[in-house]
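Tertiary structure, described
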Amino acid sequence: MAGPLRIGVVGMARILPSHLRGWKALLDAGLCDFRVTALVGRSPEGALSFRRRGEGPPPRPPVMPGGDPLAAPHMYVSDLHGDTLPECYADVPAMLAAGAVDAAVLLTPVGLHHGQALACLSAGVHVLCEKPLAVSVRAGAAMVAEAERRGLVLGLAEGVRYDASVRLQRWAVESGPVGPVEMMALGGLASYWAPDRIVAETPWRHRKVEAGGGPAIDIGVHQFAHVRAVAGEVREVSAVTARVAAERFTRDAAGAVVAAVACDVEDVYHAAFRLEGGGTGQLSFSWCGRGPASFWPGGSVVYGARGMCRGGRLALPDGEVLLEERARAELGADVWERWFPRGVRDTKGLQFLDFVRTVERRRGGDRGAQMEASGREGLHELAAAFAILESAAAGRAVTLQEVLHGRARTYQREIDEHWGLTAPGA
Ligand SMILES: NC(=O)c1ccc[n+]([C@@H]2O[C@H](COP(=O)([O-])OP(=O)(O)OC[C@H]3O[C@@H](n4cnc5c(N)ncnc54)[C@H](O)[C@@H]3O)[C@@H](O)[C@H]2O)c1
């Protein structure tokens, strides 16, 4: 490759600091070489807020406490590398016209993903797109088709596949103590955003044509990425959804309403699914609920033909042990190094490393190189998540294949019409 990969970041998003933190972990560990050469905000001045400390508008306070990626401390590109300062642009066409990047990372509201991805791919620029891949299956399929037609990498920024507990659960299912999945459950009810807060202070998350759906899409794609990574392909989904809070709010410290948004998406779903392998499972999540959050222990439970695990813990007759302890005793150091190179565990870092290495392999002539979280995997996760909404709209179980191929599209029709997606994409 001629010089380090040149990266353009599109969308000065709340999620950007967590990406920068992961990318810094890669540079610190000497795992790959790249430079952020472009930042695209809604204005060049806005993009300055991530370029160099003290230059642009001050960082926004975090929208939530704790370990969520949206709570990552603010960072600047200059914290990653001191030898290159990115140019700032007001839109994707300006960045592409400048010829400043080899690859773009899209961190914009979901409804913009397909238009921006198609513009980048048409200009020969590889794309890493935040989850969910797109605002509809048709939009996502168009992205996948364009990347495949042009021989470019389309990857999904979906950390679940790179997460230690998911990797360990997969090992426990495939060749470890749990065995083939018979039953699985993920999720819970209520959340940090219950009962009526504007999620992440992003009104677009509550509007169908901008977000695709509510938590069924925003969280559903994470859950189905987990299910598919551990247990294989989803065959069919049967679900109910509801919109409990028709309007949502941000409030000041005294509780007075600062902003409100009318919602036209669901804020709770309950879904049952069947796997191609025959196992069954259930998912739920809500942004509503008056009272504390309730989740499955460990966030996920997996019952297999030989045993059971929850989160990162394996159930044994005389108690629970960490899956990691058991796996480390049985797996070679080479597997561990492949999963967590030089000890890096940051999922945003690991997915970006996969992206950079996949682009390098393509440039080296490997035309079939794909990220583990490829655009096509992301399309299947998106279709599974839309199956929740299509099933609820149709009042019946729908198959993944029906949703993937547009035979179950009642819910999405309005979205496709809004964005002018008149033809099936892939
Ligand atoms: N993987 C995760 O854990 C995770 C967590 C949160 C969000 N996300 C995803 O990240 C993406 C962004 O979510 P967020 O919560 O950070 O939202 P956000 O609203 O904070 O970020 C979107 C950004 O895009 C900018 N933007 C809007 N229109 C634009 C345009 N035309 N050109 C350039 N920039 C534009 C907005 O100003 C905003 O800064 C979504 O796809 C979301 O699903 C992923």
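Described in the following lines is the structure provided in the data block. In this text, all values refer to a predicted model and were calculated from it rather than measured experimentally.

In the region of the ligand, 23 residues are neighbours, and G11, A13, R14, I15 and E130 sit closest. Residue composition of the shell around the ligand, by class: 12 nonpolar, five polar and six charged. Three or more residues apiece are contributed to the shell around the ligand by two domains, here domain 1 (5-160 + 339-371) and domain 2 (163-332).

The next subject is helix α5 (residues 137-150). Along its 14 residues, α5 runs 20 Å from first to last C-alpha, staying within 8% of the 20 Å computed at 1.5 Å per residue. Most of α5 sits inside the fold, with 10 of its 14 residues counted as buried. Those residues of α5 lying buried are V137, R138, A139, G140, A141, A142, M143, V144, E146 and A147. Elements that come into contact with the buried residues of α5 comprise α4 (113-122), β6 (154-157), α13 (375-394), α14 (400-404) and α15 (413-418).

Turning our attention to the nonpolar core. Where a protein is soluble and globular, its nonpolar side chains tend to be buried together. Judged by nonpolar contacts, the single largest core of 127 residues is most densely connected at V127, A383 and I388. When residues of this core are sorted by domain, at least three fall in each of domain 1 (5-160 + 339-371) and domain 2 (163-332). In contact with I388, not counting residues within four places along its chain, are A216, G220, V237, A239, T241, Y269 and A271.

Interhelical geometry of helix α1 (residues 16-28) versus helix α12 (residues 347-363) gives an angle of 65° and a closest axis separation of 7 Å. By the criterion of interaxial angle, the relationship of α1 to α12 is roughly perpendicular. You can see that α1 and α12 cross each other, and the crossing is right-handed. Judged by residue contacts, S18, H19, R21, G22, W23, A25 and L26 of α1 engage K348, G349, F352 and L353 from α12. Across the contact of α1 with α12, the residue classes tally to five nonpolar, four polar and two charged.

To continue, consider the sheet that holds strand β14 (residues 308-310). Taken in spatial order, the nine strands line up as β16-β15-β14-β13-β7-β12-β11-β8-β17 in an open sheet, and their pairing is mixed. Either end of the sheet is taken by a strand with one partner, and the two such strands are β16 (319-322) and β17 (398-399). Relative to strand β11 (residues 268-275), strand β8 (residues 234-242) runs antiparallel, the two sharing eight bridges. Following the sheet pairing, V240 is matched in β11 by H270. Docked against the sheet, helix α6 (residues 164-174) engages β7 (181-189), β13 (294-304), β14 and β15 (313-316), running at close to 25° with respect to β13. Packed onto the sheet, helix α9 (residues 220-231) meets β7, β8, β11, β12 (280-286) and β13 and runs at close to 160° relative to β7.

Judged by how many residues are buried, strand β10 (residues 257-262) sits mostly at the surface: zero of six residues are covered. Sheet analysis places strand β9 (residues 247-251) next to β10, joined by five bridges and oriented antiparallel. Residue R251 lies in a different strand from β10, and its bridge partner there is V257. Linking two consecutive strands that pair antiparallel, namely β9 and β10, is a turn of five residues; a positive phi of about 95° is found at G255 within it.

Cut-offs and rules
Residues numbered from 1 in each chain as written. Predicted model: local features only at pLDDT ≥ 70, side-chain atom pairs only at ≥ 80, totals over all residues. Near = placed C-beta within 6 Å. Nonpolar A, V, L, I, M, F, W, Y, C, P; charged D, E, K, R; others polar. Domains from an automatic or database assignment. Helix = DSSP H or I, 4+ residues; strand = E, 2+ residues; numbered from the N terminus. Expected span 1.5 Å × (residues − 1). Buried ≥ 20, exposed ≤ 12 C-beta atoms within 10 Å, placed from the backbone. Contact = placed C-beta atoms within 7 Å. Core = buried A, V, L, I, M, F, W, Y, C linked by C-beta atoms within 7 Å. Axes fitted to C-alpha atoms, helices over the stretch in contact; angles between N-to-C directions. Parallel < 35°, antiparallel > 145°, perpendicular 65-115°, else oblique. Left-handed = near helix turned anticlockwise from the far one by under 90°. Pairing = 2+ DSSP bridges.

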